[in-house]
Amino acid sequence: MKKMFYKISIVFINLILLSFYLEGAPQVIGTIDIKPPYPTLNYPSDICLNPITHRMYVTSFNSNKIVIIDTNTNKPVGEITNIPYPNEMVIDQSVNRGYVLSYRQIYVLDLNNNLVMQTISITSITASKLLLFSDINKLYVIGTRYDNNYVMKILTIDTLYNT
């Protein structure tokens, strides 16, 4: 039977891997514990994967960090700590670049060295989700703005120039 892996949410500090059999129900096939020397993650908020580099990224909103996991060994191998309140994250696999939503900013990460390349201010909305289309160099940001009532807005960012 073929197995398909799906993105799931994180419960506390355990990352649960699910395998979905096309003819059956999802089954837990293992866990990844994030423990010392990596501090406890307080409110893990997103998880994303770059299958090319075999790295998984877990954002932790209240811990102000992103934990990096090697998917070959299922062990944490590092963290990115200079982003306040990281929430949503997407990865452009073609250039190994990450985009992290942090309230009214998007941090552009070079995932080759885990450093912030640029910060994009998005003060026109309170952003909540990111959607990346790397084939056309577009990052979409959805959020709300209060103009006498709440209005949903979608911003478009050109990822080639990050504008």
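As a starting point, this report considers the structure included with it. (Residues numbered from 1 in each chain as written. Predicted model: local features only at pLDDT ≥ 70, side-chain atom pairs only at ≥ 80, totals over all residues. Heavy atoms only, no water.)

1. Quick word on the overall build of the protein chain
Counting secondary structure elements, the protein chain contains zero helices and 14 strands. The order of helices and strands in the protein chain, counted from the N terminus, is β-β-β-β-β-β-β-β-β-β-β-β-β-β. In the protein chain, the proportion of contacts linking residues at least 24 apart, taken out of those at least 6 apart, comes to 28%. Accessible surface, the protein chain as shown: approximately 9500 Å² in total, 54% of it carbon and sulfur. (Helix = DSSP H or I, 4+ residues; strand = E, 2+ residues; numbered from the N terminus. Contact = heavy atoms within 4.5 Å. Areas by Shrake-Rupley, 256 points an atom, 1.4 Å probe, with all protein chains shown as cover.)

2. Comments concerning the sheet that holds strand β5 (residues 55–60)
Spatial strand order, β4-β5-β6-β7: four strands in an open sheet with antiparallel pairing. With one partner strand each, in any of the chains shown, β4 (44–50) and β7 (75–80) form the two edges of the open sheet. Averaged over all neighbouring strand pairs, the angle between strand axes comes to 25°, with direction disregarded. Across five bridges, strand β6 (residues 65–70) lies against β7 in antiparallel orientation. In the strand pairing of β7, I66 is matched with I80. (Pairing = 2+ DSSP bridges. Axes fitted to C-alpha atoms, helices over the stretch in contact; angles between N-to-C directions.)

3. Overview of the packing of aromatic side chains
On inspection of all chains with the given rule, the structure shows two aromatic pairs. For the ring pair F133 and Y140, a centre distance of 5.9 Å and an interplane angle of 80° mean the geometry is edge-to-face. Accessibility expressed as a relative area gives 25% for Y140, which makes it partly exposed. (Phe/Tyr/Trp six-rings, centres within 6.5 Å; stacked < 30°, edge-to-face > 60°. Buried < 20%, exposed > 50% of the residue type's maximum accessible area, 1.4 Å probe, protein only.)

4. Overview of the pattern of salt bridges
Scanning the model with the defined rule gives two salt bridges in all. Among the ionic pairs, R55 bridges to D70, the shortest N-O distance being 3.3 Å. Remark: D70 occurs in strand β6 and R55 occurs in strand β5; sequence separation between them is 15 residues. Among the residues examined, R55 registers a relative accessible area of 25% and is labelled partly exposed. Since its relative accessible area comes to 12%, D70 is described here as buried. Ionic pairing is found between K129 and E88, a salt bridge with its closest N-O pair at 3.3 Å. (Salt bridge = Lys/Arg side-chain N within 4 Å of Asp/Glu carboxyl O.)

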